[in-house]
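# Report on the structure
The residues making up each chain are set out below.
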Amino acid sequence: KLAEIDDDIAAFQELYDMVAAEAAKRREPLPAMQANVDAAQAKYDEAHNRTSGLQAELDKAREALEALGGEEPSTAIKEHIKQLRSEIMSAERREKSYEDDLHHYQRRLESQEKQVQHFESEAGEAKAHIDEDIAKRNALLGDLEKAQAAYDDACKAYEEAKAAADKATSPEITKPAE
């Protein structure tokens, strides 16, 4: 029984070592992956702020245009509005591209984190089996020690009883009379 338990412990220890090493290996690139997410987030935020700034500038230009009432706007104002619209379209495309990059990096990071969690969970289960088997082994060894002590006590009692019986049944050796 002890050999079976020791074999189980060895097998689960091997499994634990393997999955714990795999979890550590897959955890290694997480900081670099998080840095990629952070950099992509910064680029996206910058592009979004640029788009918002251009949109605000266009809104001001439109308000100025409306303030003219029925007056014909100058060619410069028309050109400025046209230029802003063009820049906004370009900025929106750039923002969308950075947003796509950000989502790509986030999905890769999440996938890697799930893999790490999976292997850490497997390692935890293997460790629980190891702990359970060690407890079984220790209980069995405790029972064996108690049985051995009881056996030793029984042997001692038997030897004492045998010695007493031998002493009681053996004729006393007396000195021959002179």
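The structure displayed is predicted, hence computed values, not measured ones.

Take the packing of helix α2 (residues 30-67) against helix α3 (residues 75-169) next. Packed helices, taken two at a time, are described by the angle their axes make and the gap between the axes. Where α2 meets α3, the closest approach of the two axes is 8 Å, and the angle between their N-to-C directions is 160°. One way to sum up the angle between α2 and α3 is to call them roughly antiparallel. The element α2 and its partner α3 pack so that their crossing is left-handed. Class assignment of the residues belonging to the contact of α2 with α3 gives a composition of 20 nonpolar, nine polar and 13 charged.

Secondary-structure assignment places Gln148 in helix α3. You can call Gln148 partly exposed: its relative accessible area is 42%. Residues Gln148 and Arg26, spaced 122 residues apart in sequence, show a C-alpha to C-alpha distance of 49 Å.

Topologically, Thr51 is positioned in helix α2. Taking relative accessible area as the criterion, Thr51 reaches 7% and is therefore assigned buried. Those residues in contact with Thr51 that lie beyond four places of it in its chain are Ala91, Glu92 and Glu95.

With that settled, consider the packing of helix α1 (residues 2-27) against α3. Orientation of α1 relative to α3, taken along the N-to-C sense of each, is 160°, at an axis distance of 8 Å. Accordingly, the angle class assigned to the pair α1 and α3 is roughly antiparallel. For α1 against α3, the interelement crossing comes out left-handed. Tallied by class, residues from the contact of α1 with α3 come to 18 nonpolar, four polar and 11 charged.

Our focus in this paragraph is α2. Taking 1.5 Å as the rise per residue, α2 with 38 residues should run 56 Å; its terminal C-alpha atoms sit 55 Å apart, in good agreement. Along α2, the residues classified as buried are Leu30, Met33, Val37, Ala40, Tyr44, Ala47, Thr51, Leu54, Leu58 and Ala61. Looking at the packing, one finds that the buried side of α2 touches α1 and α3. Note on α2: the residue one or two positions beyond its end, Gly69, has a positive phi of about 70°.

Let us now look at the nonpolar core. One finds Leu30, Met33, Val37, Ala40, Tyr44, Leu102, Leu109 and Val116 forming the largest nonpolar core, which totals eight residues. For this core, the elements supplying multiple residues, two or more each, are α2 and α3. With five residues, the top contributor of residues to this core is α2. If sequence neighbours within four positions are ignored, Tyr44 has contacts with Glu95, Tyr98, Glu99 and Leu102. Of all hydrophobic cores here, the second largest spans seven residues; its members include Ala61, Ile81, Leu84 and Ala91.

Definitions and limits used
Residues numbered from 1 in each chain as written. Predicted model: local features only at pLDDT ≥ 70, side-chain atom pairs only at ≥ 80, totals over all residues. Heavy atoms only, no water. Axes fitted to C-alpha atoms, helices over the stretch in contact; angles between N-to-C directions. Helix = DSSP H or I, 4+ residues; strand = E, 2+ residues; numbered from the N terminus. Parallel < 35°, antiparallel > 145°, perpendicular 65-115°, else oblique. Left-handed = near helix turned anticlockwise from the far one by under 90°. Nonpolar A, V, L, I, M, F, W, Y, C, P; charged D, E, K, R; others polar. Buried < 20%, exposed > 50% of the residue type's maximum accessible area, 1.4 Å probe, protein only. Contact = heavy atoms within 4.5 Å. Expected span 1.5 Å × (residues − 1). Core = buried A, V, L, I, M, F, W, Y, C linked by side-chain atoms within 4.5 Å.

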